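Structural characterization, general
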Amino acid sequence: MSKSINADLQKQMEEMKTAGVYKTERILSTPQSPALGLADGQEVLNFCANNYLGLSNNPEVVKASQETMDRWGYGLSSVRFICGTQELHTQLEKAVSKFLGMEDTILYSSCFDANGGVFEPLLGEDSAIISDELNHASIIDGVRLSKARRYRYKHSNMEQLEEMLKDCQDAKYRMIVTDGVFSMDGDIALLPQICDLAEKYDALVMVDDSHATGYLGKTGRGTHEHCGVQGRVDIITTTFGKALGGASGGCLSASKEIVQFLRQKSRPYLFSNTLAPAVAGGVLKVMEMLSSSSALCEKVMANTTRFHKGMSEAGFDLKPMETAIVPVMVYDEPLAVKMADMLLKEGIYVIGFTYPVVPMGTARIRVQISAAHTDEQIDTAISAFVKVGKELKVIK
Ligand SMILES: *Cc1c(COP(=O)(O)O)cnc(C)c1O
């Protein structure tokens, strides 16, 4: 037994605490919902979940999940290719393909795994991957596992992307990879331009749509629908852990050949357990709900408009509204943390994001809106922001 590593880790964590980057986990005493209980008994309004459609504790979804367990059991104790595939899993793959408008879909335990398992099998050292600098950590890690040449362009900088595409014309395959919605600013990838460039320079396009699937676009299909580029994106990865009920799990949708090949070669798929039946059944229900009505995705955007308008009128510095992520810019690092603490005391649960999660000097409170928020809850949040904002002189 080594004692020295424990002492060393302790020291590093003390340094993290001093630097204000040590993360603590707040214990909830209720299911995920716009109105939450915390373990200390406080009741708060939640504005920091990825529960965009408010389905995390939706009774229909819970019931479908329970019924799935009754019919299909609790667990599979197997990977897919040994004895871990039930009708349920192939049904879900079909439903997701139809929803996203792609040929086929492969399920993973998480979107992190989907991103971890896509690059290495498809792109070898004769190929190139071109990635937005603000892409999610799971894309960065996935790219690292591949032997392909790597490029990273400044966030949404299309001139630089074009230069990189020119630079790798000798590669066998080129792939542009981007988040659909960037989680810290809530901005949307420039997919029309990206798809144009991909066509001009013969590149594949991959979009990780975790922060968009289910609510962005007219019928909630995601960023490709929002941007009018359906049919021009080669690969979509996404999560079931956000708008689509928020349990867990992820997937990749693409041509049937890409999906078939990944079933043979993608390591997180081959060597990690099947998605639990209860989760597959829950997501199937969500797919059914979203396919028959766009009411929830309209609601989350209407709610976001209400919040954004109220906050702008109160004088807060906001990014332009593109998605249900509304960053309230504070800039000063300690001030953002203090503001989030004071908002919690007012019953509004939000998080201050500071360096290194966002660039130095761009600290903010990231607010996330849900279709399940009521007008009253949104107005209560705005009032609390105004009160705290004035006290801290963030607004006049
Ligand atoms: C949340 C997120 C993920 C991770 O999804 P999990 O299913 O929780 O692993 C991956 N990519 C992006 C862009 C995300 O926002």
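Residues numbered from 1 in each chain as written. Predicted model: local features only at pLDDT ≥ 70, side-chain atom pairs only at ≥ 80, totals over all residues. Heavy atoms only, no water.

1. Brief notes about the pairing of strand β5 (residues 149-153)
Summarising the sheet, strand β4 (residues 128-132) and β5 pair through five bridges and their orientation is parallel. For Ala 128, the partnering residue across the bridge sits in β5 and is Arg 149. In terms of handedness, the path from β4 via helix α6 (residues 137-144) over to β5 forms a crossover that is right-handed. (Pairing = 2+ DSSP bridges. Helix = DSSP H or I, 4+ residues; strand = E, 2+ residues; numbered from the N terminus. Right-handed = clockwise from strand over helix to strand, strands pointing away.)

2. Looking at the sheet that holds strand β3 (residues 104-108)
The seven strands lie next to each other as β3-β9-β8-β7-β6-β4-β5, forming an open sheet whose pairing is mixed. At either end of the open sheet lies a strand with only one pairing partner, and these are β3 and β5. Pairs of neighbouring strands in the sheet enclose a mean axial angle of 20 degrees, with direction left out of account. Of the pairings in the sheet, the one linking β4 to strand β6 (residues 174-179) comprises four bridges and is parallel in character. Note on β6: the bridge partner recorded for Ile 129 is Met 175. (Axes fitted to C-alpha atoms, helices over the stretch in contact; angles between N-to-C directions.)

3. Describing the site of the ligand
The immediate surroundings of the ligand are formed by 13 residues, with Cys 111, Asp 208, His 211, Thr 239 and Lys 242 found nearest. With respect to the ligand, the side chain of Asp 208 contributes an N or O atom lying 2.5 Å from a nitrogen atom. Within the side chain of Lys 242, an N or O atom sits 2.6 Å from an oxygen atom of the ligand. In isolation the ligand exposes 390 Å². Once the protein is present, 83% of that is buried. Looking at the shell around the ligand, the element that brings in the most residues is helix α5 (residues 111-122), giving three residues. (Near = heavy atom within 4 Å. Polar contact = N/O pair within 3.5 Å; in protein donor to acceptor, adjacent residues only side chain to side chain. Areas by Shrake-Rupley, 256 points an atom, 1.4 Å probe, with all protein chains shown as cover.)

4. Focus: the pattern of salt bridges
All told, the structure shown has 21 salt bridges when counted by the stated rule. The partner of Glu 133 in a salt bridge is Lys 154, with the nearest N and O atoms 3.8 Å apart. In this pair, Glu 133 is assigned in the loop between β4 and α6 and Lys 154 in the loop between β5 and α7 (158-167), connecting sequence segments 21 residues apart. Note on Lys 154: relative accessible area 49%, which makes it partly exposed. Residues joined in a network through salt bridges with shared partners are Arg 80, Glu 93 and Arg 263. (Salt bridge = Lys/Arg side-chain N within 4 Å of Asp/Glu carboxyl O. Buried < 20%, exposed > 50% of the residue type's maximum accessible area, 1.4 Å probe, protein only.)

5. Observations concerning unusual backbone geometry
For the peptide bond that leads from Tyr 355 to Pro 356, omega is 5 degrees, which places it in the cis range. Relative to the assigned elements, Pro 356 resides in the loop between β12 (351-353) and β13 (363-368). Here the phi dihedral of Ser 156 falls at roughly 55 degrees; this positive angle occurs in a residue that is not glycine. Within the secondary structure, Ser 156 sits in the loop between β5 and α7.

6. Remarks on the packing of α5 against α6
Remark: α5 packs on α6, axes separated minimally by 7 Å, with the N-to-C direction vectors making an angle of 25 degrees. One finds that α5 runs roughly parallel with respect to α6. α6 is crossed by α5, and the crossing has right-handed handedness. Within the contact between the two elements, α5 uses Phe 112, Asn 115, Gly 116 and Phe 119 and α6 uses Ser 138, Ile 139, Asp 141, Gly 142 and Val 143. In terms of residue class, the contact of α5 with α6 is made up of four nonpolar, four polar and one charged. (Parallel < 35°, antiparallel > 145°, perpendicular 65-115°, else oblique. Left-handed = near helix turned anticlockwise from the far one by under 90°. Contact = heavy atoms within 4.5 Å. Nonpolar A, V, L, I, M, F, W, Y, C, P; charged D, E, K, R; others polar.)

7. A word on the domain arrangement of the protein chain
Considered domain by domain, the protein chain is made up of domain 1 (20-49 + 294-391) and domain 2 (59-292). Here the C-alpha centroids of domain 1 and domain 2 sit 27 Å apart. Together, the buried faces of domain 1 and domain 2 total about 1,300 Å²; carbon and sulfur atoms form 60% of this surface. If you sort the residues of domain 1 by the area they bury against domain 2, Cys 297, Glu 322 and Ile 325 come out on top, with a joint share of 35%. Inspection of the region where domain 1 meets domain 2 yields two salt bridges. Note that Arg 364 and Asp 185 form a salt bridge whose closest N and O atoms lie 2.3 Å from each other. Where domain 1 packs against domain 2, one counts six residue pairs in polar contact (both at pLDDT 80 or more). Taken together, the elements giving at least two residues each to the side of domain 1 that touches domain 2 come down to α13 (295-313), β10 (325-331) and β13. For the side of domain 1 that touches domain 2, the element with the most residues is α13, which contributes four residues. The residue makeup of the side of domain 1 that touches domain 2, split by class, is ten nonpolar, three polar and four charged. (Domains from an automatic or database assignment. Buried area = accessible area lost by both parts, 1.4 Å probe.)

8. Digging into the pairing of β13
Of all six residues making up β13, six are buried, and the element is well covered by its neighbours. Burial along β13 is two-sided: Ala 363, Ile 365 and Val 367 and Arg 364, Arg 366 and Gln 368, pointing in opposite directions, are all buried. Summarising the sheet, β10 and β13 pair through six bridges and their orientation is antiparallel. Residue pairing for β13: Met 329 is matched across the bridge by Arg 364. Pairing geometry for β12 and β13, over three bridges, is antiparallel. Bridge pairing in β13 links Phe 353 to Arg 364.

9. Some remarks on the packing of helix α2 (residues 59-72) against helix α12 (residues 277-292)
It is at 7 Å that the axes of α2 and α12 come closest, and there the two elements cross at 135 degrees. The orientation of α2 relative to α12 falls into the category oblique. As α2 packs across α12, the resulting crossing turns out to be right-handed. For the pair formed by α2 and α12, the contact residues are Glu 60, Val 61, Ala 64, Ser 65, Thr 68, Met 69 and Trp 72 on the first element and Pro 277, Ala 278, Gly 281, Gly 282, Lys 285, Val 286 and Met 289 on the second. Per-class residue counts for the contact of α2 with α12 are eight nonpolar, four polar and two charged.

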